[in-house]
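Fold and contact review
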Amino acid sequence: MLDTSASGSTATSDAVVLGMWQALARHDWDALKTHLAADCLYVDMPMPAAAARGPENIVKRLRLLFDRLAEYRHHGGQLVSNGPDVMYEHSETWVFPTGEQGTLRFATVHRVVEGKITLWKDYWDFSSMLAFAPPNYFENFAADDMSWVFDATELV
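Residues numbered from 1 in each chain as written. Predicted model: local features only at pLDDT ≥ 70, side-chain atom pairs only at ≥ 80, totals over all residues. Heavy atoms only, no water.

**Points about the overall build of the chain**
Basically, it comes down to this: Only runs of H or I of at least four residues qualify as helices and only runs of E of at least two qualify as strands under DSSP, and these elements are numbered from the N terminus. With the radius of gyration taken over C-alpha atoms, the globule rule is written as 2.2 Å times the number of residues to the power 0.38.
When you go through the chain residue by residue, the secondary structure sums to four helices and seven strands. Its helices and strands in sequence order give the chain the pattern α-α-β-β-α-β-β-β-β-β-α, from N to C terminus. Against the globule reference of 15 Å for 156 residues, the chain gives a C-alpha radius of gyration of 15 Å, in line with a compact fold. The principal-axis extent of the C-alpha atoms belonging to the chain is close to 45 × 30 × 25 Å.

Okay, here's the thing in structure tokens:
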């Protein structure tokens, strides 16, 4: 049985984080949401003004990126934890419908409280994605649903 105490155990925190990443790799958005606290904050650290808060908004933000890909592959890596705090070094391969592809390397910080992720911060090099993404990848974002945007600049 998983420990769901306020501080959580290392095994529990690890399982929650890995479970969330497994759901993301499958694009199982409903399963992914079950790992997130109601007020979970998700921040791409290169862009804290474009963060998302809460499972529904986090999925909207993720889908804005991933629904535009022809293929997505998650590559697991080193996971380090000390109870509620989990750091995960991993990578993702993005393949675009026009054939461009590349691998992004991440260091992700999670905080797990009572069996749910309350904080998710991705550290990565935005310029590395710009180097392989199609030139028009970001052009249509303004026309999409941006109701998920939460400015976390002052919180991180």
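**Digging into the UniProt feature "domain: SnoaL-like" (unreviewed entry) in the chain**
Heads up, the rule is: UniProt positions are given in the numbering used here, feature names are shortened, and annotations may be inferred rather than shown by experiment.
The sites that UniProt annotates as "domain: SnoaL-like" (unreviewed entry) are residues 20–119. Taken as a whole, residues 20–119 contains 24% helix and 47% strand, while its terminal C-alpha atoms sit 12 Å from one another.

**A short note on the nonpolar core**
To keep it simple, the criterion reads: Nonpolar core, defined: a set of buried Ala, Val, Leu, Ile, Met, Phe, Trp, Tyr and Cys residues in which side-chain atoms within 4.5 Å join the residues together. To sort residues, take the accessible area from a 1.4 Å probe on protein chains only and compare it with the maximum for the residue type: under 20% means buried, over 50% means exposed, and anything in between is partly exposed. Throughout, a contact is declared for two residues whenever any of their heavy atoms are within 4.5 Å.
Residues Leu32, Leu62, Trp94, Ile117, Trp120 and Tyr137 are the most contacted members of the largest nonpolar core, which totals 38 residues. For this core, the secondary structure elements donating two or more residues are helix H1 (10–26), helix H2 (29–33), strand S1 (36–44), helix H3 (55–66), strand S5 (85–95), strand S6 (101–113), strand S7 (116–123) and helix H4 (126–132). If sequence neighbours within four positions are ignored, Trp94 has contacts with Leu65, Phe66, Leu69, Glu71, Tyr72, Glu100, Gln101, Gly102, Leu104, Met129, Phe132 and Tyr137.

**Some thoughts on the environment of Phe106**
Residue position: Phe106 is located in strand S6. Sequence-wise, Phe106 and Ala38 are 68 residues apart; in three dimensions their C-alpha atoms are separated by 24 Å. Excluding its chain neighbours within four sequence positions, the residues that come into contact with Phe106 are Tyr88, Glu89, His90, Ser91, Glu92, Asp122, Tyr123 and Trp124.

**With respect to the pattern of salt bridges**
Where we set the bar: The working definition used for a salt bridge is a side-chain nitrogen of Lys or Arg within 4 Å of a carboxyl oxygen of Asp or Glu.
Evaluated as defined, the whole model comprises nine salt bridges. Ionic pairing is found between Arg26 and Asp28, a salt bridge with its closest N-O pair at 3.6 Å. On the basis of relative accessible area, Arg26 is assigned to the exposed category, the value being 52%. The class of Asp28 is partly exposed, set by a relative accessible area of 28%. Here the salt bridges do not stand alone but share partners, grouping Asp30, Lys33 and Glu56 into one network.

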